[in-house]
Amino acid sequence: MAKLYFKYGAMGSSKSAQALMTKFNYEEKDRKVWLIKPSIDTRDGSDTVYSRIGLSAKAQVISPQDDIYEMFGEKCRDADVVISDESQFFTEDQIDQLRRIVDECDIPVLCFGLRTDFLTKVFPGSRRLFEVADSITEIKTICRCGRKATVNARIGEDGQVVTSGSQVLLGGNDRYEAMCHRLPVSKNFKMYKMNSRNRGITAANAILRISCFIFRTVIAIFVQYYGIFDENRKKTDFLFCL
């Protein structure tokens, strides 16, 4: 039985790469793939799905007023699978149309996209996918601090995290960065860099203290077992003041 799949992740989690690799796997088995994308995504060409790792493929462009179910029947009825990139930009009605392809045509539909916008608000298309998808999978990535990234932070030209504006603003690494919730969208992104430097200084101090402790211990052993400076113990006192 065919299913509707939703595979979501933050910016930079290789969603488009996985969509294109899935397309390749189907085609390698002589299966026909109908690759679609919303018309609003024109970053790499209106009819191209492109991944940061260099993969790309031509796709059917879907406008907000298009009926995907009708287009499927007219243009690609013989397809074995439907793969959608940037699915968060589809309307709720269009997600229902993808659901209809699964139910009435017994064709699997795989949707890849974001869950939330830069203010952590769910996109309408993503919300509907969470409601009607048979299988929901998170494609994980990490924040620069090493924690799991779930926030699609929008970065302004001044280096600050943007906290207002329209929900849709096309961009890649120049405008967005996947972050964890430990870097709240209301904070200045530069603060993290400053804190990172502070943590680095703290670590350096800890290493210095440990090194001094080891040095003092070694000297103490020599003093105890070899009688170094025994006649004038004060000469070694300075070593224990480090």
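Residues numbered from 1 in each chain as written. Predicted model: local features only at pLDDT ≥ 70, side-chain atom pairs only at ≥ 80, totals over all residues. Heavy atoms only, no water.

Caption draft 1: Structural view of the pairing of strand 2 (residues 33-38). The buried fraction of strand 2 is high, at six of six residues. Residues Val33, Leu35 and Lys37 point to one face of strand 2 and Trp34, Ile36 and Pro38 to the other, with burial holding for every one of them. As defined by bridge partners, strand 2 adjoins strand 6 (residues 81-84) across four bridges and the pair is classed as parallel. By the bridge assignment for strand 6, Leu35 is matched with Ile83. As judged from the three bridges shared by strand 2 and strand 5 (residues 60-62), these two strands associate in the parallel manner. If you follow Lys37 over to strand 5, its bridge partner there is Val61. (Buried < 20%, exposed > 50% of the residue type's maximum accessible area, 1.4 Å probe, protein only. Helix = DSSP H or I, 4+ residues; strand = E, 2+ residues; numbered from the N terminus. Pairing = 2+ DSSP bridges.)

Caption draft 2: Looking closely at the pairing of strand 10 (residues 176-179). Burial along strand 10 is two-sided: Tyr176 and Ala178 facing one way and Glu177 and Met179 facing the other are all buried. Pairing geometry for strand 9 (residues 151-154) and strand 10, over four bridges, is antiparallel. For Ala153, the partnering residue across the bridge sits in strand 10 and is Glu177.

Caption draft 3: Expanded view of the environment of Ala10. Considering the arrangement of structural elements, one finds Ala10 in the loop between strand 1 (4-9) and helix 1 (15-28). Overall, the relative accessible area of 7% leaves Ala10 in the buried class. Sequence spacing of Ala10 and Cys143 is 133 residues, and the spatial spacing of their C-alpha atoms is 9.9 Å.

Caption draft 4: Focus on the confidence of the model for the protein. The predicted model of the protein averages 78 in pLDDT, with 66% of residues at 70 or higher. For the protein, helix 6 (residues 234-237) is the element with the lowest average pLDDT, namely 44, and strand 6 is the one with the highest, namely 97. Here residues 184-189 is modelled with pLDDT under 50, and outside its nearest four sequence neighbours on either side it reaches 15 contacts, counting other chains as well. Low confidence marks residues 228-242, where pLDDT is under 50. Its contacts with residues over four positions away, or in another chain, come to 14 contacts. (pLDDT = per-residue confidence, 0-100. Contact = heavy atoms within 4.5 Å.)

Caption draft 5: Spotlight on a nonpolar patch on the surface. On the surface, a cluster of nonpolar side chains totalling about 280 Å² of accessible area is made up of Met21, Ile53 and Leu55. Following the sequence through the fold, Ile53 ends up in the loop between strand 3 (48-50) and strand 4 (56-58). Residue Ile53 is classed as exposed on the basis of its relative accessible area, which comes to 59%. (Patch = residues over 30% accessible without salt bridge, like charges linked within 9 Å, V, L, I, M, F, W, Y side chains within 5 Å. Areas by Shrake-Rupley, 256 points an atom, 1.4 Å probe, with all protein chains shown as cover. Salt bridge = Lys/Arg side-chain N within 4 Å of Asp/Glu carboxyl O.)

Caption draft 6: Inspection of the packing of helix 2 (residues 68-75) against helix 3 (residues 92-105) at higher detail. Taken N-terminus to C-terminus, the directions of helix 2 and helix 3 make an angle of 50°; their axes are 7 Å apart at the nearest point. By the criterion of interaxial angle, the relationship of helix 2 to helix 3 is oblique. Of the residues in helix 3, those touching helix 2 at Ile68, Tyr69 and Phe72 are Gln94, Gln97, Leu98, Arg100, Ile101, Glu104 and Cys105. Looking at side-chain class alone, the contact of helix 2 with helix 3 contains six nonpolar, two polar and two charged residues. (Axes fitted to C-alpha atoms, helices over the stretch in contact; angles between N-to-C directions. Parallel < 35°, antiparallel > 145°, perpendicular 65-115°, else oblique. Nonpolar A, V, L, I, M, F, W, Y, C, P; charged D, E, K, R; others polar.)

Caption draft 7: Highlighting the pattern of salt bridges. In total, this model carries nine salt bridges according to the counting rule given. Across the pair Asp78 and Lys32 runs a salt bridge, and its minimum N-O distance is 2.9 Å. On the criterion of sequence distance, the pair formed by Asp78 in the loop between helix 2 and strand 6 and Lys32 in the loop between helix 1 and strand 2 is long-range, its members being 46 residues apart. Note that Glu138 is salt-bridged to Lys148, the shortest N-O span being 2.8 Å. One end of the pair, Glu138, is in strand 8 (residues 135-139); the other, Lys148, is in the loop between strand 8 and strand 9, and ten residues separate them in sequence. Judged by relative accessible area, which is 22%, Glu138 ranks as partly exposed. Among the residues examined, Lys148 registers a relative accessible area of 41% and is labelled partly exposed. Among the charged side chains, a network of salt bridges with common partners joins Asp96, Arg128 and Glu131.

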